[in-house]
Amino acid sequence: MLSGTFFIFSSALGIIRFPDVFTRLHAATKAPTLGIMSILLATFLFLYGSHQIVSGKLLLAILFIFLSSPVGGHMLSRAAHKANVKPYLRHREDEYETYMRTKNKKQAK
């Protein structure tokens, strides 16, 4: 439970502190996924012997969150990039923009 709380708290700090949409999306998807999965796993271990139905539903919830949260964050970041939201480029370059530019040049030929 404590590790899940730590991950969720760190994601909240990341959403507040990070400079652009893409890094905030990273904080809003990766850490809460680990945090919620940790809390649900702790609940599963606590209820395992007495409530089998609830335990099964908790495992399904863990699987659903594990699959859907990163995919949702990825789709939101691609939509933001296609809407010309520029990333904060301090010591790096926008590799996806470079890839799309070379891909469009190849299709134009």
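Remember, predicted model here, so these are calculated numbers, not experimental data. (Residues numbered from 1 in each chain as written. Predicted model: local features only at pLDDT ≥ 70, side-chain atom pairs only at ≥ 80, totals over all residues. Heavy atoms only, no water.)

To continue, consider the confidence of the model for the protein. Residues of the protein with pLDDT of at least 70 account for 97%, and the chain-wide mean is 86. In the model of the protein, helix 4 (residues 95-108) stands out as the element of lowest mean pLDDT, 80, in contrast to helix 1 (residues 2-17), which has the highest, 91. (pLDDT = per-residue confidence, 0-100. Helix = DSSP H or I, 4+ residues; strand = E, 2+ residues; numbered from the N terminus.)

With that out of the way, let us pick up the nonpolar core. General note: in soluble globular proteins, nonpolar side chains tend to be found buried as a group. If you look at the biggest cluster of nonpolar residues, it comprises 6 residues: Met37, Leu40, Phe44, Leu58, Ile62 and Ile65. Of all elements in the fold, only helix 2 (21-47) and helix 3 (52-82) reach the threshold of two or more residues within this core. Contacts of Leu40, omitting those with residues within four sequence positions, involve Leu58, Ala61, Ile62 and Ile65. (Core = buried A, V, L, I, M, F, W, Y, C linked by side-chain atoms within 4.5 Å. Buried < 20%, exposed > 50% of the residue type's maximum accessible area, 1.4 Å probe, protein only. Contact = heavy atoms within 4.5 Å.)

For the pair helix 2 and helix 3, the least separation of the axes is 9 Å and the interaxial angle reads 180°. When the interaxial angle is binned, helix 2 and helix 3 end up roughly antiparallel. Class assignment of the residues belonging to the contact of helix 2 with helix 3 gives a composition of 19 nonpolar, 8 polar and 1 charged. (Axes fitted to C-alpha atoms, helices over the stretch in contact; angles between N-to-C directions. Parallel < 35°, antiparallel > 145°, perpendicular 65-115°, else oblique. Nonpolar A, V, L, I, M, F, W, Y, C, P; charged D, E, K, R; others polar.)

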